[in-house]
Amino acid sequence: MTSEQAKSNGTPGSSREEAKASYLQSLPSKNLAPLWTVMGAMVPPRPAPKASVALWKYEEEARPLLLQAGEVVDAHEAERRVLMLVNPSLRAPYTTDTLYAGLQLILPGETAPAHRHTAFALRFIVEGERGFTAVGGKKVFMSRGDVILTPSWDWHDHGHDGDGPMIWLDGLDLPLYQAFPTNFAEMYSESRYPSEPSTDDAHLKIPWSKAQSHLDAQPGPHAIYHYTLPAERIAAGAASPAVRESCSFVYHCFEGSGRTRLTLADGKTTEEVVWKRGDTFAVPAWTERVHYASEEGGEASYLFAVNDLPLLRNLGMYKREGEEKESR
Ligand code: 1HN
């Protein structure tokens, strides 16, 4: 190799290398940066979620700790008495790269005061009866397995007219909302926003019976019901088909038990999450998943899931492995 060739192909110490280094040093003070050194990382060759697979055991860990929160802070003082499900590879409010989930507790007679925010929220009721959410003046009673919606900017407060703890899973697109300067909240002047028991709450509540009847009406060992939010049924001893897509999931086991085999976005690393009733687990984007329902007891397992599929679809950003074009 001639010395001219060495200069032009960037051998360290060559004058071209030195010129390049001093050029790069001149950029930051002008608020400029080269794309060519980081392009691969900014637009990776496959989806690269930062979140890890994570599992929150209900009976053994989350529930006792949430009940303890009930002793140290009241719902009014807390505004919302919630334990956030924090992804171990990220910080709050990330449960996956795009989804936030938390477990909320309200005790009989308490009030979680009225507020409203731009972020849309949903709740999946894990435990309890006769708790309610008042949404935009409608008092919606909640029972185990119900999904309750809180649309953007509707006043909402929670209360509990029954006995025993009332616990639910909250799901919000909070990590995404945080990226927009339109994420904000307002407190109502009183604890409760005036409300009446709702006679027509079909747009705010999807009872579990509706989800289950849709699931059980479908033939075969695996079924999905898209509320616009999915729920899945897997027959005892059966498995779901393997899927990898660009949305991420927070799964909650409503009934049954089993395990989920996960192949991470790198296509090589595999993990397994073992779940039963009450447990919640996070599945990062582009992580292939197969659910296996346990054979024990011969009963089907039911999983509820929060995901960001509708949002990604509406933005034209949804992809499923093996599909060239977005499926609609
Ligand atoms: C919220 O308003 C509720 O209303 C629950 O119950 C969780 C997490 C972040 C921001 C707002 C609720 C929330 C939240």
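Residues numbered from 1 in each chain as written. Predicted model: local features only at pLDDT ≥ 70, side-chain atom pairs only at ≥ 80, totals over all residues. Heavy atoms only, no water.

Peer 1: Can you explain the site of the ligand? Please cite residues and give values.
Peer 2: Close to the ligand lie Arg80, Tyr100, Gln104, His115, His117, Arg123, His156, His158, Asp170, Leu172 and Leu174, which account for all nearby residues. Histidine 115 is positioned such that a nitrogen or oxygen atom in its side chain is 2.7 Å from an oxygen atom of the ligand. At a separation of 2.9 Å, an oxygen atom of the ligand approaches a polar side-chain atom of histidine 156. Look at the ligand: alone it shows 330 Å² of surface, and the protein chains cover 84% of it. The residue inventory of the shell around the ligand, partitioned by class, reads 3 nonpolar, 5 polar and 3 charged. (Near = heavy atom within 4 Å. Polar contact = N/O pair within 3.5 Å; in protein donor to acceptor, adjacent residues only side chain to side chain. Areas by Shrake-Rupley, 256 points an atom, 1.4 Å probe, with all protein chains shown as cover. Nonpolar A, V, L, I, M, F, W, Y, C, P; charged D, E, K, R; others polar.)

Peer 1: Tell me about a nonpolar patch on the surface, residues and numbers included.
Peer 2: A cluster of nonpolar residues, Leu35, Val38, Met39, Met42 and Val43, forms a patch on the protein surface that exposes about 490 Å² of accessible area. Residue methionine 42 is classed as exposed on the basis of its relative accessible area, which comes to 60%. (Patch = residues over 30% accessible without salt bridge, like charges linked within 9 Å, V, L, I, M, F, W, Y side chains within 5 Å. Salt bridge = Lys/Arg side-chain N within 4 Å of Asp/Glu carboxyl O. Buried < 20%, exposed > 50% of the residue type's maximum accessible area, 1.4 Å probe, protein only.)

Peer 1: Help me get a handle on the pattern of salt bridges, residues and values and all.
Peer 2: Under the criterion given, the structure shown has 17 salt bridges. A salt bridge links glutamate 186 to arginine 116; the shortest N-O distance between them is 2.8 Å. Linking glutamate 186 in strand S11 (residues 185-187) with arginine 116 in strand S4 (residues 111-117), this pair joins segments that are 70 residues apart in sequence. For arginine 116, a relative accessible area of 18% gives the class buried. With its nearest N and O atoms 3.1 Å apart, the salt bridge here joins arginine 192 to aspartate 157. Separated by 35 residues along the polypeptide, arginine 192 in the loop between S11 and strand S12 (196-197) and aspartate 157 in strand S9 (residues 156-160) bring together distant segments of the chain. For aspartate 157, a relative accessible area of 1% corresponds to the buried category. (Helix = DSSP H or I, 4+ residues; strand = E, 2+ residues; numbered from the N terminus.)

Peer 1: Tell me about the layout of surface pockets, and name the residues and values.
Peer 2: In this model, the largest pocket occupies a volume close to 530 Å³. Lining the largest pocket are 19 residues, and of these Thr98, Leu176, Asp308, Leu312 and Met317 lie nearest its centre. Across the lining of the largest pocket, the residue classes tally to 12 nonpolar, 4 polar and 3 charged. (1 Å grid on protein atoms, 1.4 Å probe; cavity = no way out; pocket = protein on both sides within 12 Å on 5 of 7 lines; lining within 4 Å. Points joined across faces, edges and corners; volume = space filled by probe spheres on them.)

Peer 1: Break down the sheet that holds strand S19 (residues 280-283) for me, with residues and values.
Peer 2: Reading across the sheet, the 6 strands line up as S1-S19-S16-S21-S15-S14 and stay open at both edges, with antiparallel pairing between neighbours. Strand pairing shows two members of the sheet lacking a second neighbour, strand S1 (54-56) and strand S14 (222-226), which therefore form its edges. Pairwise comparison of adjacent strand axes, ignoring direction, gives a mean angle of 20 degrees for this sheet. Strand direction decides the pairing type here: strand S16 (residues 249-255) and strand S21 (residues 301-307), joined by 6 bridges, are antiparallel. Bridged to phenylalanine 249 within S21 is asparagine 307. Of the strands in this sheet, S14, strand S15 (230-234), S16 and S21 touch helix H7 (residues 208-217), which is tilted by about 135 degrees from S14. (Pairing = 2+ DSSP bridges. Axes fitted to C-alpha atoms, helices over the stretch in contact; angles between N-to-C directions. Contact = heavy atoms within 4.5 Å.)

Peer 1: So what about the packing of aromatic side chains? Which residues, and what values?
Peer 2: Taken as a whole and judged by the stated rule, the model has 15 aromatic pairs. Their ring planes at 65 degrees and their centres at 4.9 Å tell us that tryptophan 155 and tyrosine 188 sit as a pair that is edge-to-face. On the criterion of sequence distance, the pair formed by tryptophan 155 in the loop between strand S8 (147-150) and S9 and tyrosine 188 in the loop between S11 and S12 is long-range, its members being 33 residues apart. Using a relative accessible area of 12% as the deciding quantity, one classes tryptophan 155 as buried. Taking the relative accessible area as the measure of exposure, tyrosine 188 reaches 22% and is therefore partly exposed. On the basis of an interplanar angle of 90 degrees and a centroid distance of 5.6 Å, the ring pair of tryptophan 208 and tyrosine 302 is categorised as edge-to-face. Of this pair, tryptophan 208 sits in helix H7 while tyrosine 302 sits in strand S21, placing them 94 residues apart in sequence. By relative accessible area, which is 7% here, tyrosine 302 ends up buried. Within the aromatic cluster, the residues linked to one another by ring pairs are Phe124, Trp208, Tyr225, Tyr227, Phe254, Tyr302 and Phe304. The ring of phenylalanine 141 has arginine 130 sitting right over it, with the charged end atom 4.3 Å from the ring centre. (Phe/Tyr/Trp six-rings, centres within 6.5 Å; stacked < 30°, edge-to-face > 60°. Lys NZ or Arg CZ within 6 Å of the ring centre and 35° of its normal.)

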